[in-house]
Amino acid sequence: MTPQAMGNLQATSPLPHTLMSRSRQLWVLWRYWIAREYKTRYAGSVLGLAWAFIQPLATLAIFYVLFGLVLAVRVPGIASANGYLLFLLAGLAVWLPFVDAIGRGVGSLVAYEDFLRKQPIPAEILPAVSVGGTLLTMLIGYVILLSLCVLQGVGPRLSWMWVPLLIAAQVIMTLGFVLLLSMAHFLWRDVGSMVAFGLQLWFYLTPILYPLAQVPERFHVWYLLNPAACLALAVQSAVLGIATPAGTIWALLAWTLLLGVGGWWFFRSMKSALGEAL
């Protein structure tokens with residue numbers, strides 16, 4: 001099925017318009033574009049889908065060698081000899097899908113600007129596909145993390161039941177933020193450059209390479225103003241049992257609602273400006 005055919009899905013569907021809800025249209029379109037995303041992302045690659053494993057594992061290996069072996073960073077509260085490896089993986093399971101979705105999603109409306117002029121598809125599908133394209137990497141990261149925890153004798157633990165909810169919070173937060181940034185970048189092209197610089201700084205302001213215990217306690221509360229830090233801390237706590245600042249879960253809930261609902265609201269409120277620009 002071609003993009004043009006998908007764009008005209010509503011017009012060509014044998015079902016009456018009243019029986020095909022907007023949510024179903026969005027779901028059908030999203031599935032089509034997700035399949036297209038995975039097909040084109042690894043097109044021409046010898047290893048293909050294996051890159052979904054290789055890239056995060058290579059990143060993990062580089063950081064572990066540098067910080068875990070060379071600088072010998074240790075994580076208080078983890079008895080395993082490979083505690084830093086588990087800690088690092090918990091943070092990267094949050095960060096890598098998050099930054100990948102932002103990197104691909106921020107320019108999604110601009111990249112398909114000509115297509116949107118010609119095809120009547122909901123514009124929010126494009127940034128949503130950027131987020132959906134990271135789901136595989138995200139799930140792989142969490143499966144590896146939990147499996148290594150079991151092998152290292154760090155789990156399973158009762159708090160693991162929170163992991164599906166944390167994954168849902170991660171998806172909602174990421175989707176809202178990508179919707180916001182994609183629309184902002186379409187309207188103000190400087191946003192793309194600002195995001196590229198901001199992500200580099202944001203990474204080091206998030207306790208992924210270093211445990212929060214190494215930061216003076218008076219600064220801990222400031223990390224609750226960082227949504228990625230709240231999510232990383234929540235995952236580290238649920239999976240590894242690492243203590244987090246008081247109010248971390250409440251801050252994470254607030255950020256999930258603020259970015260999830262706020263990003264969607266901003267996208268919808270600016271959609272008229274998008275239509276005028278197209």
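Conventions used here
Residues numbered from 1 in each chain as written. Predicted model: local features only at pLDDT ≥ 70, side-chain atom pairs only at ≥ 80, totals over all residues. Heavy atoms only, no water. pLDDT = per-residue confidence, 0-100. Contact = heavy atoms within 4.5 Å. 1 Å grid on protein atoms, 1.4 Å probe; cavity = no way out; pocket = protein on both sides within 12 Å on 5 of 7 lines; lining within 4 Å. Points joined across faces, edges and corners; volume = space filled by probe spheres on them. Helix = DSSP H or I, 4+ residues; strand = E, 2+ residues; numbered from the N terminus. Axes fitted to C-alpha atoms, helices over the stretch in contact; angles between N-to-C directions. Parallel < 35°, antiparallel > 145°, perpendicular 65-115°, else oblique. Left-handed = near helix turned anticlockwise from the far one by under 90°. Nonpolar A, V, L, I, M, F, W, Y, C, P; charged D, E, K, R; others polar. Core = buried A, V, L, I, M, F, W, Y, C linked by side-chain atoms within 4.5 Å. Buried < 20%, exposed > 50% of the residue type's maximum accessible area, 1.4 Å probe, protein only. Phe/Tyr/Trp six-rings, centres within 6.5 Å; stacked < 30°, edge-to-face > 60°. Patch = residues over 30% accessible without salt bridge, like charges linked within 9 Å, V, L, I, M, F, W, Y side chains within 5 Å. Areas by Shrake-Rupley, 256 points an atom, 1.4 Å probe, with all protein chains shown as cover. Salt bridge = Lys/Arg side-chain N within 4 Å of Asp/Glu carboxyl O. Expected span 1.5 Å × (residues − 1). Bend = angle between axes of the 7 residues up to and from the residue.

Student: What is the right way to read the confidence of the model for the protein chain from this model?
Tutor: Should the pLDDT be low somewhere, the predicted coordinates at that spot are not to be read in detail. This prediction gives the protein chain a mean pLDDT of 85; 87% of its residues lie at or above 70. A low-confidence stretch, residues 1-19 (pLDDT under 50), is modelled with 25 contacts involving residues beyond four sequence positions or located in other chains.

Student: How should I be thinking about the layout of surface pockets in this particular structure?
Tutor: Leftover empty space is mapped by rolling, across the atoms, a probe with the size of a water molecule. Put simply, the largest pocket is a space of about 330 Å³. If you go around the largest pocket, you meet 15 residues; those closest to its centre are W162, L165, L166, I249 and L252. When residues of the lining of the largest pocket are traced back to their parent elements, those giving at least two are α10 (163-187), α12 (227-240) and α13 (248-269).

Student: Help me understand unusual backbone geometry in this model?
Tutor: A negative phi angle is the norm for most residues apart from glycine, just as the trans form is the norm for most peptide bonds. Of note, the amide linkage connecting G155 to P156 takes the cis form, showing an omega dihedral of 0°. Looking at the element boundaries, P156 is found in the loop between α9 (135-151) and α10.

Student: Which parts of the structure should I look at to understand the packing of helix α5 (residues 83-105) against α12?
Tutor: When two helices pack together, you describe them by how their axes are tilted relative to each other and by the distance separating the axes. Contact geometry of α5 with α12 gives a least axis separation of 9 Å together with a crossing angle of 140°. If you check the angle between α5 and α12, you find them oblique. In this structure, the crossing between α5 and α12 has a hand that is right-handed. Judged by residue contacts, L86, F87, A90, V94, W95 and F98 of α5 engage A228, L231, A232, V235, Q236 and L240 from α12. For the contact of α5 with α12, the class distribution of residues is eleven nonpolar, one polar and no charged.

Student: Would you explain the nonpolar core in this entry?
Tutor: The nonpolar side chains of a soluble globular protein tend to be buried with one another. One finds Y84, L88, W95, Y142 and L240 to be the most contacted residues of the largest nonpolar core, which totals 84 residues. No other element matches α5, which puts 15 residues into this core. Discounting chain neighbours no more than four positions away, the residues touching Y84 are F63, Y64, F67, G68, V73, V75 and L209.

Student: Even after reading the chapter, I still don't get the packing of aromatic side chains, so can you show me in this structure?
Tutor: The final tally for this structure, using the stated rule, is twelve aromatic pairs. With 5.7 Å between their ring centres and 25° between their planes, F63 and F203 make a pair best called stacked. Taken together, the residues F63 in helix α4 (residues 51-70) and F203 in helix α11 (residues 190-204) connect sequence positions 140 residues apart. Each member of the pair F63 and F203 is classed as buried.

Student: What am I meant to see in the environment of A90 here?
Tutor: Structurally, A90 can be placed in helix α5. With 146 residues separating them along the chain, A90 and Q236 place their C-alpha atoms 6.0 Å apart. Contact partners of A90, with chain neighbours within four places excluded, come to L145, V235, Q236 and L240.

Student: Looking at this structure, I do not really get a nonpolar patch on the surface. What am I missing?
Tutor: Taken together, V65, L66, L69, V70 and L71 make up a surface patch of nonpolar side chains, about 460 Å² in accessible area. Structurally, the position occupied by V70 is in helix α4.

Student: Explain α5 to me, please; I cannot follow it from the model alone.
Tutor: Owing to its 3.6 residues per turn, the α-helix aligns residues three or four sequence positions apart on the same side. Relative to the 33 Å expected for 23 residues at 1.5 Å per residue, α5 spans 33 Å between its end C-alpha atoms, a close match to the ideal helical length. Along α5, the sharpest change in direction is near 30° and occurs at L92. Taken across its 23 residues, α5 has 19 buried, putting it largely inside the fold.

Student: Would you take a moment to explain the pattern of salt bridges for this structure?
Tutor: Two side chains carrying opposite charge are able to pair once their charged atoms lie near each other. Applying the stated criterion across every chain, the model contains six salt bridges. Between E113 and R117 there is a salt bridge, with its nearest N and O atoms 2.8 Å apart. With E113 and R117 both in helix α7 (residues 113-118), this residue pair falls four residues apart, about one helical turn. Accessibility expressed as a relative area gives 16% for E113, which makes it buried.

Student: Explanation requested: empty space enclosed by the protein in the structure shown.
Tutor: For the structure on display, the rule yields one cavity of 30 Å³ or more. What lines the largest cavity is a set of 13 residues, among which P56, L89, L96, T137 and G141 lie closest to the centre. Listing elements by their share of the lining of the largest cavity, those giving two or more residues are α4, α5 and α9. In the lining of the largest cavity, the residues fall into eleven nonpolar, two polar and no charged.

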